[in-house]
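A structural walkthrough
Below, each chain spelled out in residue letters.
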Amino acid sequence: MPVTLTQIGIQSVDITLAESVEVTAKIETKPLLDKDGKFATGAAFDPTSDFSVKGRGDLPVGLAIGSDGGSDIEGLFNAGITILTSVKESEKNDDWNAWECSGQNFPNAL
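Description of the structure in this document. What you see is a predicted model; the values in this text were computed from it and never measured.

So, on to the overall build of the chain. Secondary structure summary: the chain contains one helix and four strands in total. Of the regular secondary structure in the chain, the N- to C-terminal order runs β-β-α-β-β. Considering only contacts within the chain whose residues lie at least 6 apart along the sequence, 57% involve residues at least 24 apart. A total accessible area of about 8000 Å² is found for the chain, and carbon and sulfur atoms account for 50% of it.

Here you go:
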């Protein structure tokens, strides 16, 4: 049975003063061999997305509290569970505050 992958793109991010958003989607695959050693079929499973967001100004509340345990981080993902692995903030006298965060989204997690 062929596996159909749906391509999902970011249409907008509800984060004020976001400068960059990077999302990398990954999926595990396991090819299966038949008795002659030829590829017979394959299975795709465990989709995940790694993300990194950078911006200026104050750190958005949704990032600071980790999205209340849900999946939606200021409009970035709409399914599964999102885990923030890193949040950084910096301040300067002559420039806006800066922030960045990164993490993973598991769309099939409940």
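Turning our attention to the sheet that holds strand S1 (residues 18–33). Here we have four strands laid out as an open sheet, ordered S1-S2-S4-S3, and antiparallel in their pairing. In this open sheet, the two strands that pair with only one neighbour each are S1 and strand S3 (81–90). Neighbour-to-neighbour, the strand axes of this sheet turn through a mean angle of 15°, independent of strand direction.

Here S1 runs beside strand S2 (residues 39–56); their pairing, made up of 14 bridges, is antiparallel. Within the sheet, the bridge partner assigned to Lys-26 lies in S2 and is Thr-48. Counting the residues in the hairpin turn of S1 and S2 gives five residues, including Gly-37, whose phi is positive at 85°. Taken together, the eight bridges between S2 and strand S4 (residues 98–106) define a ladder with antiparallel strand orientation. Residue Asp-50 lies in a different strand from S4, and its bridge partner there is Gln-104.

Reading the values: rules and limits
Residues numbered from 1 in each chain as written. Predicted model: local features only at pLDDT ≥ 70, side-chain atom pairs only at ≥ 80, totals over all residues. Heavy atoms only, no water. Helix = DSSP H or I, 4+ residues; strand = E, 2+ residues; numbered from the N terminus. Contact = heavy atoms within 4.5 Å. Areas by Shrake-Rupley, 256 points an atom, 1.4 Å probe, with all protein chains shown as cover. Pairing = 2+ DSSP bridges. Axes fitted to C-alpha atoms, helices over the stretch in contact; angles between N-to-C directions.

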